[in-house]
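# Topology and contacts: notes
Each chain, letter by letter, is given below.
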Amino acid sequence: MRSIYSITRKKLEDYFINKNDKKFRATQIFDWIYRKNINSFDDMTNINKDSITNIKEDFYFNKIKIIKKQEDIDVKKYLFELSDKNKIESVVMYHDYGISVCISSQIGCNMGCTFCESGRLKKVRNLTVDEMILQILTIQEDIKQRISHIVIMGIGEPFDNYENIIDFINIVNDPYALAIGIRHITVSTSGIVPKIKLFAQDCPAVNLAISLHAPNNEIRNKIMKINKVYNIEELIESVKQYIKITNRRVTFEYIMLKDINDTDECAYMLAKLLKGINCYVNIIPYNETNNIGFKRSNTSQISRFCGILKEEKINVTIRREFGSNVSAACGQLRSEN
Ligand code: SAH
Ligand code: SF4
């Protein structure tokens, strides 16, 4: 038995073919689930009784429960409880171009970045495809509005849950399922190099963001354990390969940590590292947490840092901050509960 929300339409077609049933049943079922928002096989009135009896033996409908919600004008943050009582969070953000949801991909994270709440909490397990899809469906039902953009930047390292992420993206993008445009989907990784190369083949049109956070190995080693496995040179090389294959611009995320990675010298080093790469840098003001000692850089230093990058002809944006008073950073709501 598995959740009906965990399967792609192609795999459901194969399931029906194996059962000597009609392939188009998969599309019919997707239509009921994702267009008509039905959550019982018995309500699928255009599908014959035998097919329904069969599918009920192999698939079920499940739910995730909203246990806490925090709201601000432009952001809503959800804490969900899963069927095994683990908790995850998702954040909804209202933009002028649409509504995005930031999805969690794991319970905790094993990458151990020293500034991150999710890393502090360690990985319990990967999220299943249905648990990721249900974050979107449950939020859509709650806000009664359509989600237009997905960012996989919540709790967890998506490339440490690679196969599930690929199926998840397939369902999110499928015109018969959530029908969210492929260019409206963004995955953020801490830099698992082999998976970056694979992703270029598997999902060339999805936006890729790389959590760089440091201009050299010395600083990156101190704040991101993953750098000891795949260092900056290997990471940048994999990004160059990714761009060569996909012809897409890559985002480098850069958290500004006071006196750690935010000096003028760091800005010049970063510019040198990224020169000639089709990319832009997204500067993230650090969201301080009670449990971790890092401090957010001064606003004036953030502007200086961006100024240097611009002078050095690096595209740069400062991430708009959504409701920092609702614990908007990765893993914060969960660690408070
Ligand atoms: N594991 C993936 C995706 C989840 S983290 C990754 O690391 O890319 C998403 C982003 O949030 C990362 O860039 C991460 O470095 C950043 N982040 C983590 N803790 C944060 C905090 N307290 N304030 C601001 N950004 C944070
Ligand atoms: Fe994991 Fe990303 Fe947090 Fe690092 S920043 S610990 S990779 S969730």
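Residues numbered from 1 in each chain as written. Chains lettered and ligands numbered in written order. Predicted model: local features only at pLDDT ≥ 70, side-chain atom pairs only at ≥ 80, totals over all residues. Heavy atoms only, no water.

### With respect to the overall build of the protein
The helix and strand inventory of the protein stands at 12 helices and 14 strands. Computed over C-alpha atoms, the radius of gyration of the protein comes to 21 Å, within 12% of the 20 Å expected from 2.2 N^0.38 for 337 residues, which places it in the range of a compact globule. Structurally, the protein occupies a C-alpha span of about 70 × 40 × 35 Å along its principal axes. For the protein, with 337 residues in total, the buried portion stands at 57%. Contacts in the protein between residues at least 24 apart in sequence constitute 66% of all its contacts with a sequence separation of at least 6. Surface exposure of the protein reaches about 15200 Å², of which carbon and sulfur atoms provide 48%. Distance between charge centroids for the protein: 1 Å, based on 48 positive and 41 negative side chains. (Helix = DSSP H or I, 4+ residues; strand = E, 2+ residues; numbered from the N terminus. Rg over C-alpha atoms; globule rule 2.2 N^0.38 Å. Buried < 20%, exposed > 50% of the residue type's maximum accessible area, 1.4 Å probe, protein only. Contact = heavy atoms within 4.5 Å. Areas by Shrake-Rupley, 256 points an atom, 1.4 Å probe, with all protein chains shown as cover. Lys, Arg positive; Asp, Glu negative; His and termini not counted. Charge placed at Lys NZ, Arg CZ, Asp CG, Glu CD.)

### Comments concerning the pattern of salt bridges
Taken as a whole and judged by the stated rule, the model has 19 salt bridges. In this structure, lysine 222 and glutamate 218 form a salt bridge, with 4.0 Å as the shortest nitrogen-oxygen distance. Of the two residues, lysine 222 and glutamate 218 both sit in helix H8 (residues 217–223), four residues apart, roughly one turn of that helix. Accessibility expressed as a relative area gives 55% for glutamate 218, which makes it exposed. Aspartate 264 is paired through a salt bridge with arginine 304; the nearest N and O atoms lie 2.4 Å apart. You can see aspartate 264 sitting in helix H10 (residues 264–274) and its partner arginine 304 sitting in helix H11 (residues 299–311), a full 40 residues away along the chain. On the accessibility criterion, arginine 304 (47% relative accessible area) is partly exposed. (Salt bridge = Lys/Arg side-chain N within 4 Å of Asp/Glu carboxyl O.)

### Observations regarding the packing of H10 against H11
Two elements in contact, H10 and H11, have axes whose closest approach is 9 Å; the angle formed by their N-to-C orientations is 30°. One way to sum up the angle between H10 and H11 is to call them roughly parallel. In this structure, the crossing between H10 and H11 has a hand that is right-handed. Note on element contacts: H11 touches H10 through Gln301, Arg304, Phe305, Ile308, Leu309 and Glu311, opposite Asp264, Cys266, Ala267, Tyr268, Leu270 and Ala271. Residue classes in the contact of H10 with H11 are distributed as eight nonpolar, one polar and three charged. (Axes fitted to C-alpha atoms, helices over the stretch in contact; angles between N-to-C directions. Parallel < 35°, antiparallel > 145°, perpendicular 65-115°, else oblique. Left-handed = near helix turned anticlockwise from the far one by under 90°. Nonpolar A, V, L, I, M, F, W, Y, C, P; charged D, E, K, R; others polar.)

### Structural notes on the nonpolar core
Most often, soluble globular proteins keep nonpolar side chains buried together rather than apart. Residues Ile4, Leu12, Phe168 and Phe199 are the most contacted members of the largest nonpolar core, which totals 107 residues. Looking at which element gives the most residues to this core, the answer is helix H5 (residues 129–143), with eight residues. Viewed by domain, this core spans two of them, domain 1 (2–60) and domain 2 (65–326), each represented by three or more residues. The residues touching leucine 12, leaving out its near neighbours within four places in the chain, are Ile4, Ile7, Ala26, Ile29, Phe30, Ile55 and Phe59. Formed by six residues, the second largest nonpolar core is a distinct cluster that contains Val91, Met93, Cys102 and Phe322. (Core = buried A, V, L, I, M, F, W, Y, C linked by side-chain atoms within 4.5 Å. Domains from an automatic or database assignment.)

### Quick notes on the pairing of strand S3 (residues 65–71)
Two elements, S3 and strand S4 (residues 75–81), share six bridges in a ladder whose sense is antiparallel. In the sheet register, glutamine 70 faces S4, and the bridge partner there is lysine 77. Here S3 folds back onto S4, and the loop between the two strands holds three residues. (Pairing = 2+ DSSP bridges.)

### With respect to the site of ligand 2
Neighbouring residues of ligand 2: Cys109, Met111, Gly112, Cys113, Cys116, Ser118, Gly119, Gly156, Glu157 and Ser190. By residue class, the composition of the shell around ligand 2 is four nonpolar, five polar and one charged. (Near = heavy atom within 4 Å.)

### Side note on the domain arrangement of the protein
Under the domain assignment, the protein is made up of domain 1 (2–60) and domain 2 (65–326). Using only C-alpha atoms to locate each centre, domain 1 and domain 2 end up separated by 33 Å. Tallying the contact residues gives 12 residues for domain 1 and 13 residues for domain 2. For the pair domain 1 and domain 2, the two sides together bury roughly 1100 Å², of which 61% comes from carbon and sulfur. (Buried area = accessible area lost by both parts, 1.4 Å probe.)

### Concerning the site of ligand 1
The local shell around ligand 1 holds 19 residues, among which Gly156, Ser188, Ser211, His213 and Asn287 are the closest. Here serine 211 contributes a side-chain N or O atom positioned 2.6 Å from an oxygen atom of ligand 1. Taking 530 Å² as the accessible area of ligand 1 by itself, protein coverage stands at 93%. When residues of the shell around ligand 1 are traced back to their parent elements, those giving at least two are strand S10 (185–189) and strand S12 (250–256). Each residue belonging to the shell around ligand 1 can be placed in one class, and the counts come to nine nonpolar, eight polar and two charged. (Polar contact = N/O pair within 3.5 Å; in protein donor to acceptor, adjacent residues only side chain to side chain.)

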